[in-house]
Amino acid sequence: MTDPHRDQPVRTLGAPLAQAAAAIVLLHGRGASAEDILGLAGEMYDERVAYLAPQAADHRWYPYSFMAPIAENEPWLSSALAKVAAVVQLAVDGGVSLEHIFVCGFSQGACLSTEFIARNPARYGGLVAFTGGLIGPAGTDLHHAGNLAGMPALFCSGDPDPHVPWSRVLESAKQLTAMGAEVETKRYPGRPHTVLPQEIKAARELIFKSLS
């Protein structure tokens with residue numbers, strides 16, 4: 001299985017792309033589904049926005065921790081990144097400019113969101129990473145070339161989190177800042193592995209600031 005995610009469906013909510021003022025690509029976590037993450041879209045709903053949620057094969061974007069050796073997560077990781085690129089292109093082809101396309105994910109989906117933005121730098125609408133960071137084992141050189149040209153990025157996470165060390169969140173925020181993003185981090189001591197209402201509020205502010 002060299003490209004497990006390629007033919008997986010993309011669930012949608014909200015405005016048709018041809019009429020949308022913005023699009024949000026939503027990436028679910030391990031063990032979850034596109035339908036689950038569209039529930040989060042309901043918390044950030046706006047009739048002007050198209051919400052696009054691809055489904056991961058076997059409900060996982062890659063098999064091991066995001067801090068495992070990258071080769072161990074292949075070919076799933078490359079397939080996942082290609083799936084995100086395809087969904088972004090779907091929005092572009094539908095008439096939404098990159099400047100109004102947001103990539104948002106939770107947990108494994110947040111790691112995939114962050115890695116996609118770093119590997120495919122452009123002036124997107126923004127990045128929202130609910131508990132996630134750049135992919136690779138401890139000690140990995142997380143540097144990526146490219147210019148994010150002032151793109152807003154929000155990293156929210158509990159500390160400690162059972163899957164994502166706060167140190168990796170900070171490292172990821174630092175790297176995206178070096179690439180030209182306007183980055184905000186929000187740390188929630190003792191927060192369980194979930195998304196809090198105040199995180200959704202912060203994400204709404206980031207996203208809808210561009211639509212006001």
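This text follows the structure it describes.
So, here's what we can say about the structure.

About the cut-offs
- Residues numbered from 1 in each chain as written.
- Predicted model: local features only at pLDDT ≥ 70, side-chain atom pairs only at ≥ 80, totals over all residues.
- Heavy atoms only, no water.
- Core = buried A, V, L, I, M, F, W, Y, C linked by side-chain atoms within 4.5 Å.
- Buried < 20%, exposed > 50% of the residue type's maximum accessible area, 1.4 Å probe, protein only.
- Helix = DSSP H or I, 4+ residues; strand = E, 2+ residues; numbered from the N terminus.
- Contact = heavy atoms within 4.5 Å.
- Salt bridge = Lys/Arg side-chain N within 4 Å of Asp/Glu carboxyl O.
- Expected span 1.5 Å × (residues − 1).
- 1 Å grid on protein atoms, 1.4 Å probe; cavity = no way out; pocket = protein on both sides within 12 Å on 5 of 7 lines; lining within 4 Å.
- Points joined across faces, edges and corners; volume = space filled by probe spheres on them.
- Nonpolar A, V, L, I, M, F, W, Y, C, P; charged D, E, K, R; others polar.

## Structural notes on the nonpolar core
Moving on, step 1. Core analysis: the largest hydrophobic core is formed by 48 residues, its most contacted members being Tyr 62, Leu 112, Phe 116, Ile 117, Met 151, Phe 155 and Leu 176.
Moving on, step 2. Those elements that place two or more of their residues in this core are β2 (22-27), β3 (49-54), α2 (76-93), β4 (101-106), α3 (108-119), β5 (126-130), β6 (152-159) and α4 (166-178).
Moving on, step 3. It is α2 that provides the largest number of residues to this core, a total of eight residues.
Moving on, step 4. In contact with Tyr 62, other than residues within four places in its own chain, are Arg 30, Asn 73, Trp 76, Leu 77, Gln 108, Cys 111 and Ile 135.
Moving on, step 5. In this structure, Leu 26, Leu 38, Ile 200 and Ala 202 belong to the second largest nonpolar core, which totals 29 residues.

## Considering the pattern of salt bridges
Moving on, step 1. Tallying each qualifying case throughout the model produces 10 salt bridges.
Moving on, step 2. Here Arg 48 makes a salt bridge to Asp 46, at a shortest N to O gap of 2.9 Å.
Moving on, step 3. By relative accessible area, which is 36% here, Arg 48 ends up partly exposed.
Moving on, step 4. Classification of Asp 46 as buried rests on a relative accessible area of 15%.
Moving on, step 5. Through salt bridges with shared partners, one network takes in Asp 161, Arg 191 and Glu 199.

## Examining α2
Moving on, step 1. With 18 residues, α2 should cover 26 Å at 1.5 Å per step; its first-to-last C-alpha distance of 25 Å lies within 8% of that length.
Moving on, step 2. What α2 keeps buried is the set Trp 76, Leu 77, Ser 79, Ala 80, Leu 81, Lys 83, Val 84, Val 87, Val 88 and Ala 91.
Moving on, step 3. Phi for Gly 95, located one or two positions after α2, is positive at around 110°.

## Observations concerning the layout of surface pockets
Moving on, step 1. Estimates place the volume of the largest pocket at around 290 Å³.
Moving on, step 2. Residue lining of the largest pocket: 19 residues in total, with Gly 29, Arg 30, Ser 107, Gln 108 and His 193 positioned closest to the centre.
Moving on, step 3. Sorting the residues of the lining of the largest pocket by element identifies α1 (34-43) and α3 as the ones contributing at least two each.
Moving on, step 4. Split by residue class, the lining of the largest pocket holds 10 nonpolar, seven polar and two charged.
Moving on, step 5. Estimates place the volume of the second largest pocket at around 210 Å³.
Moving on, step 6. The wall of the second largest pocket is formed by 16 residues, among which Pro 152, Ala 153, Glu 205, Leu 206 and Lys 209 lie closest to the centre.
Moving on, step 7. Those elements that provide at least two residues to the lining of the second largest pocket are β6, β7 (182-189) and α5 (197-209).
Moving on, step 8. Among the residues making up the lining of the second largest pocket, the classes are represented as seven nonpolar, two polar and seven charged.

Nothing here speaks to function; it is geometry throughout.
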